[in-house]
Amino acid sequence: MSHQNLSAQKIDSDSLLRVIVKDMQTTKNYEKNIQRALLGIKIAPTYVDYYLLLGRNYDLVKKNDSARFYYKYYIGKSPANDDALNYLINLELETKNYKEAESIIDKAIELHPESKNFEQKKLTVLQLQKEQKREYEYLKKLQLKNPNDDAVRQLIFQMESKLKSDRMGSTYSYTTFDRKGYGPWHLLGFQYIRERQWGSLTGHINYADRLSSGQSIANGIQYELESYLFTGKNNYSYLGAAYSNDLVFPKLRLGYSFYHNFKKGWEGDLGIRYLKTQDNDFTTVVLGAGKYIGSYWINLRTFIQSDNNNWYPAVSLNIRYYFETRFDYVTLTSGYGSSPEERTTLGQFNERISLDSYRMGAGYYKMFHKHYIAGLQVTYNKQEYVRNLTQNELELSLMLQYKF
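Note that the structure is predicted; figures quoted are calculated from it, not measured.

About the criteria used
Residues numbered from 1 in each chain as written. Predicted model: local features only at pLDDT ≥ 70, side-chain atom pairs only at ≥ 80, totals over all residues. Heavy atoms only, no water. pLDDT = per-residue confidence, 0-100. Contact = heavy atoms within 4.5 Å. Axes fitted to C-alpha atoms, helices over the stretch in contact; angles between N-to-C directions. Helix = DSSP H or I, 4+ residues; strand = E, 2+ residues; numbered from the N terminus. Parallel < 35°, antiparallel > 145°, perpendicular 65-115°, else oblique. Left-handed = near helix turned anticlockwise from the far one by under 90°. Nonpolar A, V, L, I, M, F, W, Y, C, P; charged D, E, K, R; others polar. UniProt positions renumbered as here; feature names shortened; annotations may be inferred. Salt bridge = Lys/Arg side-chain N within 4 Å of Asp/Glu carboxyl O. Buried < 20%, exposed > 50% of the residue type's maximum accessible area, 1.4 Å probe, protein only. Core = buried A, V, L, I, M, F, W, Y, C linked by side-chain atoms within 4.5 Å. Domains from an automatic or database assignment. Pairing = 2+ DSSP bridges. Phe/Tyr/Trp six-rings, centres within 6.5 Å; stacked < 30°, edge-to-face > 60°. Lys NZ or Arg CZ within 6 Å of the ring centre and 35° of its normal.

Q: Even after reading the chapter, I still don't get the confidence of the model for the protein, so can you show me in this structure?
A: Any residue range with low pLDDT should be treated as having predicted coordinates unsuitable for detailed reading. Here the protein averages 91 in pLDDT, and 97% of its residues register 70 or above. Low pLDDT, under 50, characterises residues 1-11; the stretch is placed with five contacts to residues that sit more than four places away or in other chains.

Structure follows, in structure tokens:
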């Protein structure tokens, strides 16, 4: 064959290839493209791009066996082509050939070790096979490889909260005031926490005792249930209810929040809280946003609430730095205003909602010997107790849990 004929063949092959690609993007006549690609292979049997396009068009008309054959043929000639690997992986996932898909993914990761796409495919195939243990182990491997990957840390925390575990423990807080003859306050709580794949359920029994001039002026018991329920791959819900018949606590507290995990470590939540005190009822709308940044978790929440037709918003900022597990972290907190989330002062919500308060705090939490979790937190609050008169409050909180 003459050099001129070889050039003509190459031009014809390239032109036909461009026609197929353009048609796939516009008119999408996949059956006709299959015939064109077969003609291209006949004209130039060594021009391997036709095999990839042939596999893709067979794939788009759901002729899976033919698509698989031509994908594999192309990969055999160009094993590092990430598009071809991605197409074949997606085909095996779609046809539920999970073991084969995982084998191809592993080869793709070897060839493209920095590819986030293939790492995500690996997580997907493990999830589809319900291989929770292997999925968790792979996430921990990714965390070692990319310690500052926000999305990986978010997924690890989600996985850890789905692993079967039980915890029981107690909390104690001691609050002092610089106002003469006022305080201190004691708050003691016992909890049992049950975590399963569907979510978690926590039962609380809380006891509060408020003193003035050395005498107890109010005390009582509160019963509380809280649950986090996984409602989808990227979202979950919070439900909470608490009841007490003693003046030191609100009579009834109800809560609901919906959380959604976005990409790149972002989380948003929208919720509502209902509080019934001895004298009033309060409804609060909760808006929150959080972000994982490496080992940091930053969360900002706003509480929108009113009393006597006046609005009294509250805001809280929580920053955590995590170490080895979700139980090991240091935390910094700050906030303005009173919200239904503050357990220590919730019994005075009716009096405090319209008054200014400025809080800041720090804490440290640590797991020991894989079973014991301990925490210490200190919070300072500059609180109005009547308009234009303030008091300084200092709260010391201790926590100890045993993890089964």
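Continuing now.
Q: I keep staring at the packing of helix α6 (residues 98-111) against helix α7 (residues 116-128) and nothing clicks. Help me out?
A: Helix-helix packing is described using two parameters, namely the angle between the two axes and the distance between the axes. For the pair α6 and α7, the least separation of the axes is 9 Å and the interaxial angle reads 160 degrees. Considering their axes alone, α6 and α7 lie roughly antiparallel with respect to each other. Of the two elements, α6 crosses α7, and the hand of that crossing is left-handed. Here Tyr-98, Ala-101, Glu-102, Ile-105, Asp-106, Ala-108 and Ile-109 of α6 come into contact with α7, specifically with Phe-118, Lys-121, Lys-122, Val-125, Leu-126 and Leu-128. Grouping the constituent residues of the contact of α6 with α7 by class yields nine nonpolar, no polar and four charged.

Q: Would you take a moment to explain the UniProt feature "repeat: TPR" (unreviewed entry) in the protein for this structure?
A: The residues that UniProt annotates with the feature "repeat: TPR" (unreviewed entry) are residues 82-115. Measuring from the first to the last C-alpha atom of residues 82-115 gives 9 Å, for a span that is 79% helix and 0% strand.

Q: Where do I start with the pattern of salt bridges in this structure?
A: Any two side chains of opposite charge can pair, so long as their charged atoms come close to each other. Tallied over the full model, the rule gives 30 salt bridges. Of the charged contacts, one joins Glu-94 and Lys-62 as a salt bridge, the two residues approaching to 2.7 Å between their closest N and O atoms. Of the two residues, Glu-94 is situated in helix α5 (residues 82-94) and Lys-62 in the loop between α3 (49-60) and α4 (64-77); the sequence distance between them amounts to 32 residues. Note that Glu-160 and Arg-326 form a salt bridge whose closest N and O atoms lie 3.7 Å from each other. Remark: Arg-326 occurs in the loop between β12 (314-322) and β13 (329-336) and Glu-160 occurs in helix α9 (residues 150-162); sequence separation between them is 166 residues. Taken as a pair, Glu-160 and Arg-326 share a single burial class, namely buried.

Q: How should I be thinking about the nonpolar core in this particular structure?
A: Nonpolar side chains in soluble globular proteins tend to be buried together. Core analysis: the biggest nonpolar cluster contains 53 residues, and Ile-20, Tyr-50, Leu-54, Ile-89 and Val-125 have the highest contact counts within it. Mapped onto the domain boundaries, this core takes at least three residues apiece from domain 1 (13-156) and domain 2 (164-403). If near-sequence neighbours (up to four positions away) are discounted, Ile-20 is found in contact with Asn-33, Arg-36, Ala-37, Tyr-50, Leu-53 and Asn-57. Core analysis: the next-biggest nonpolar cluster, separate from the first, contains five residues, Leu-275, Phe-282, Phe-349 and Ile-353 among them.

Q: What should I look at first to understand the pairing of strand β8 (residues 281-293) in this one?
A: Regular strands place side chains that alternate from one sheet face to the opposite one. Pairing geometry for strand β7 (residues 266-276) and β8, over 11 bridges, is antiparallel. Looking at the pairing, Ile-272 lines up with Val-285 of β8. Count of turn residues in the β7/β8 antiparallel hairpin: four residues. As judged from the nine bridges shared by β8 and strand β9 (residues 296-304), these two strands associate in the antiparallel manner. Residue pairing across strands places Gly-290 opposite Asn-299, the latter belonging to β9. In textbook terms, the turn of a hairpin is the stretch between consecutive antiparallel strands, and for β8 and β9 this stretch comprises two residues, one of which, Gly-294, has a positive phi near 60 degrees.

Q: It is not clear to me how the packing of aromatic side chains should be interpreted in this structure. Could you clarify?
A: Two measures describe an aromatic ring pair: the distance that separates the ring centres and the angle between the ring planes. In this structure the tally under the stated criterion is 26 aromatic pairs. Here Tyr-329 and Tyr-365 contribute two aromatic rings whose centre-to-centre distance is 4.9 Å and whose plane-to-plane angle is 25 degrees, an arrangement assigned as stacked. Taken as a pair, Tyr-329 in strand β13 and Tyr-365 in strand β14 (residues 357-368) lie far apart in primary sequence, 36 residues in all. Among the residues examined, Tyr-365 registers a relative accessible area of 14% and is labelled buried. One aromatic cluster is present, formed by Phe-157, Tyr-292, Trp-297, Tyr-322, Tyr-329 and Tyr-365 through successive ring pairs. Its guanidinium or amino end placed over the ring of Tyr-182, Arg-179 lies 4.2 Å from that ring's centre, counting from NZ or CZ.

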